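# Summary of structural features
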Amino acid sequence: MSKRNKTEEAELKALQAALGAEHAAVYGYGVVGARIGAARQGDARSAYDAHRARRDTLARAVKDMGDAPRAASAAYMLPFPVTDTAAAIRFAAELEERVADVYSDLVRAATGDRRRMAAGALREAAVRAVRWSGESVAFPGLAERAATPSPTAPSPT
């Protein structure tokens, strides 16, 4: 394995964080799918598929940088109980906001095609967050807009 410079290390760290967020999102959408009403089932399935595809893309990118992709946790702690459709919708919006936060870090750390991929993923997560919540922010993915630091949601147990 070759020695990486600081820029490559920062990009790899951001890639691994984005991969972790995608693992969490895939898990989270399993929870959402179990509680979401029939009217939004298609939205949940579409988001689940998108996050699985992004997860696989990130795993390949980590391998391309000569590192081993971090595995998903066996389970993740949910930020609140997801017991009905309303909670599932709120959770889906939060998942997307957290994924957008992590992709903003990857946009800052990456260059070229990886930066374009991260910007596209950030945009997609922001759009899904708006679709779930009905609300938007001026600059999605910026930790400065939140009162707390950007987590990679939900937390592993």
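This section reports on the structure supplied with the text.

What counts as what
- Residues numbered from 1 in each chain as written.
- Predicted model: local features only at pLDDT ≥ 70, side-chain atom pairs only at ≥ 80, totals over all residues.
- Heavy atoms only, no water.
- Helix = DSSP H or I, 4+ residues; strand = E, 2+ residues; numbered from the N terminus.
- Expected span 1.5 Å × (residues − 1).
- Buried < 20%, exposed > 50% of the residue type's maximum accessible area, 1.4 Å probe, protein only.
- Contact = heavy atoms within 4.5 Å.
- Phe/Tyr/Trp six-rings, centres within 6.5 Å; stacked < 30°, edge-to-face > 60°.

A word on helix 2 (residues 41-64). Spanning 24 residues, helix 2 covers 35 Å between terminal C-alpha atoms, matching the ideal 34 Å at 1.5 Å per step. Here helix 2 has its buried residues at A44, A47, H51, R54, R55, L58, A59, A61 and V62. Against the buried residues of helix 2 lie helix 1 (6-35), helix 3 (85-109) and helix 4 (112-133). Count one or two residues on from helix 2 and you reach G66, which has phi positive near 85°.

On to the packing of aromatic side chains, then. Overall, the coordinates contain three aromatic pairs when judged by the stated rule. Between Y29 and W132, the aromatic rings sit 6.4 Å apart at their centres with planes inclined by 40°, giving tilted as the arrangement. With Y29 in helix 1 and W132 in helix 4, this residue pair connects regions lying 103 residues apart in the sequence. You'll find Y29 and W132 in the same group, each marked buried.

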